[in-house]
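What follows is the residue order along each chain.
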Amino acid sequence: MAIHNQTGGFCSQNENLIISNKAFHLVDKSRYNIYLHCVMKHCLITLIFCTILLNISYAQSPSAAIDSLIKFKVITNKDRPVLEGVLREKSHSSNQDARSVSDRLAILIGLESVMEQKTFHIKSRKTGGIWISYSGSYPIKMKRDSANKSLGALLTKINNAGLLSNKVYKYAQKDIDSSRYIIDMQLIAALAEMTARLESLTPARLLPLAEQLHKSGIVNDTSFSRLQNDIRNEKIESISQLNDYWQLSRTIDIEKYPADPHLWLEQIYRDIASIIPGLSFTNFSYTETQDTSLSIGKIQATKFKIRFNCNGKVYKHTFASIFYSSERDKLHLSGLTAGGFFRALNKVLADQQSPLRLHSVIFNPPYVAENSTRYLTTIALTAEQAEMFMHEPYFRYVLVSMDSYTYTLTSAKIDSAIAGWKTIGLFAHLSKAEIDTAADNAMADDWISMNRLLTNFPKVIYPTDSAMMSPTYPYVSLLKHLAGITHGAFSPTNITQKKVKGGVKLQYSFKGKTHSHIFNITEGWLGTPFVIFLKNLGLGNNLPGKFYQLDFDDVIYLTQQQYNAAVKHKLLDFTPEASPKDQ
């Protein structure tokens, strides 16, 4: 059986945390393994710490509460400065949200820091945030009962210090009785998480949010009335419960699906398609291959390419998923899979010229810490509704995926564009089999932009950010790849790069001449005048064509005839620097 719990704060980008042998053996005596992972994001406790506006008072003063913790031997007098330090940080913070955190939550966070130091001999509040995952098999019943009794006694002491609400105490005691916790540190982290979460979901905070959800049409009249009542009666204990009131949404419990993709894949698509009428499909099929780019050790990633018929058209989509466990033959997927499911159906909505698009939803805080990848929530929104979630107060509670609402990127438009690209000779270097495979992959790709679909056709465009994969000599790699998309028109030799005052100097030879360009790295690794470099690359070398910059910093090489045809038939979206007036 495995238990996972996360807590932490901030982490420096270059930090690696290692558990000391002493700390590891301390935990190992209970036959558990504890893994610490450095993360570069706000973790649950810290994020909530910075977003809560309500300051809840309790019977004892902060000083008296700390006195009680010392009296009950939860901490020692030497630990007092840590808790008082957190209280000072709260009161002196320039952030209004941080100042409004309740004293009881601040003390619990300080207590968590103390226990973290004693258990793992680290101070994440100073060195950076951590992600602690508790896992292992339970010991024999006698030891488990003894651990639960000790945890129950600790819970009582913290409660008697006036640091817990009745609801937090009740839930924590229930979790102890269910043997959910392993060590003291895990219990205290859970108490801080629950306190922070419940303090962030007060009627004063949620009622205005509910009103906007109703006003925008995400919640209908009946659900709005029910939501208001549930908020006032404090029945909302997780922001994920909002999904119960939204009109066009669905939450999928991944663990209810069998692990075999032959059984779960089509069913998940059907469940998501049921959100909006008109998305039912037939003739579902798929292929799967291992995705080595995402696989890490024993964690295997699989790339799925699905196909189905809807409204008389064939739709395809490719996405990757990570299987991180096969416990009890249950399905366990990473959060990366969410986009793969709904984006295939967004292609149908684009063809239907629907004002709606499907979005994946991430709640903050999530359902429960250890189940953050168990549930997939999808919601259908208009562009205006999706925009609303990008701003406060929704942004601090709910994150929705970014998706295109363009009505021009449809199946028919993509088919026409591919035919147009072939006509103007962009695929002259490819065989028919290569073109057919690339076209099929383009139709299965995410329809982010017309230009980006060209990445499916080998050596037609070059994504300049790919050069960064060669960190030692990115500019040499950049020039070689740009030469590659000219298919022999440009073949530089003696390519070198070196640091000079003001940036990096790229030098090469072509047709007996030496050329150079200095990239001013203070303006980014390419520098602001990158378009000048591209222009000079064609003109300065007397090439039969020119290099043009597309969106996403992609580059394409075109002859003047190809460029004119692309502009006339709107086959490509050029950046302003590559507009007709500049040619």
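Below or above, wherever it landed, is the structure these notes cover. (Residues numbered from 1 in each chain as written. Predicted model: local features only at pLDDT ≥ 70, side-chain atom pairs only at ≥ 80, totals over all residues. Heavy atoms only, no water.)

**Focus: a nonpolar patch on the surface**
Consideration 1: There is a patch of nonpolar side chains on the surface, built from Ile362, Phe395 and Leu399 and spanning about 280 Å² of accessible area.
Consideration 2: Along the chain, Leu399 turns up in strand β10 (residues 398-400).
Consideration 3: Residue Leu399 is classed as partly exposed on the basis of its relative accessible area, which comes to 35%. (Patch = residues over 30% accessible without salt bridge, like charges linked within 9 Å, V, L, I, M, F, W, Y side chains within 5 Å. Areas by Shrake-Rupley, 256 points an atom, 1.4 Å probe, with all protein chains shown as cover. Salt bridge = Lys/Arg side-chain N within 4 Å of Asp/Glu carboxyl O. Helix = DSSP H or I, 4+ residues; strand = E, 2+ residues; numbered from the N terminus. Buried < 20%, exposed > 50% of the residue type's maximum accessible area, 1.4 Å probe, protein only.)

**Quick notes on unusual backbone geometry**
Consideration 1: Omega for the bond connecting Glu392 with Pro393 falls within 30 degrees of zero, at 0°, which places this linkage in the cis form.
Consideration 2: Examined against the element boundaries, Pro393 turns out to sit in the loop between α15 (383-388) and β10.
Consideration 3: With phi around 50°, Asn494 is a residue other than glycine that occupies positive phi space.
Consideration 4: One can find Asn494 in strand β12 (residues 493-500).
Consideration 5: Since its relative accessible area comes to 60%, Asn494 is described here as exposed.
Consideration 6: The backbone phi angle of Asn542 is positive, close to 55°, even though this residue is not glycine.
Consideration 7: Within the secondary structure, Asn542 is located in the loop between α19 (530-539) and β15 (545-549).
Consideration 8: On the basis of relative accessible area, Asn542 is assigned to the exposed category, the value being 64%.

**Things to note about the side chain of Gln497**
Consideration 1: Position of Gln497 relative to the elements: it lies in strand β12.
Consideration 2: A distance of 3.0 Å separates a polar atom in the side chain of Gln497 from the backbone nitrogen of Tyr475.
Consideration 3: A polar side-chain atom of Gln497 sits 3.3 Å from the main-chain amide nitrogen of Val476. (Polar contact = N/O pair within 3.5 Å; in protein donor to acceptor, adjacent residues only side chain to side chain.)

**A closer look at the nonpolar core**
Consideration 1: Counting 36 residues, the largest nonpolar core has Leu69, Ile75, Ile107, Ile158, Leu163, Leu187 and Leu191 as its most contacted members.
Consideration 2: For this core, the elements supplying multiple residues, two or more each, are α3 (62-71), α4 (80-92), α6 (103-120), α8 (141-160), α9 (166-177) and α10 (184-199).
Consideration 3: Per-element tally for this core: the top contributor is α10, with eight residues.
Consideration 4: Ignoring sequence-local partners within four residues, the contact set of Ile158 consists of Leu69, Leu108, Leu111, Leu163, Leu164, Ile188 and Leu191. (Core = buried A, V, L, I, M, F, W, Y, C linked by side-chain atoms within 4.5 Å. Contact = heavy atoms within 4.5 Å.)

**Some remarks on the packing of aromatic side chains**
Consideration 1: Scanning the entire structure with this criterion turns up 23 aromatic pairs.
Consideration 2: A ring pair is formed by Tyr269 and Phe284, whose centres lie 5.5 Å apart and whose planes are at 45°; its orientation type is tilted. On the criterion of sequence distance, the pair formed by Tyr269 in helix α13 (residues 261-273) and Phe284 in strand β4 (residues 282-290) is long-range, its members being 15 residues apart.
Consideration 3: On the basis of relative accessibility, which here comes to 0%, the residue Tyr269 falls in the buried class.
Consideration 4: Of the residues examined, Phe284 reaches a relative accessible area of 14% and is grouped as buried.
Consideration 5: Their ring planes at 80° and their centres at 6.2 Å tell us that Trp421 and Phe457 sit as a pair that is edge-to-face. Linking Trp421 in helix α16 (residues 411-423) with Phe457 in the loop between α17 (432-444) and β11 (461-463), this pair joins segments that are 36 residues apart in sequence. Phe457 carries the same exposure label as Trp421, and that label is buried. (Phe/Tyr/Trp six-rings, centres within 6.5 Å; stacked < 30°, edge-to-face > 60°.)

**Considering the sheet that holds strand β3 (residues 249-253)**
Consideration 1: Within the open sheet, the four strands sit side by side as β3-β9-β8-β10. Their pairing is antiparallel. Edge strands, defined here as strands with exactly one partner in the open sheet, are β3 and β10. Neighbouring strand axes in the sheet, compared pairwise and without regard to direction, differ in orientation by 30° on average.
Consideration 2: Strand direction decides the pairing type here: β3 and strand β9 (residues 375-381), joined by five bridges, are antiparallel. Looking at β9, one finds that Ser249 is bridged to Ile379.
Consideration 3: The strands that α13 touches are β3, β8 (357-363) and β9; relative to β3, the one it contacts most, it runs at about 155°. (Pairing = 2+ DSSP bridges. Axes fitted to C-alpha atoms, helices over the stretch in contact; angles between N-to-C directions.)

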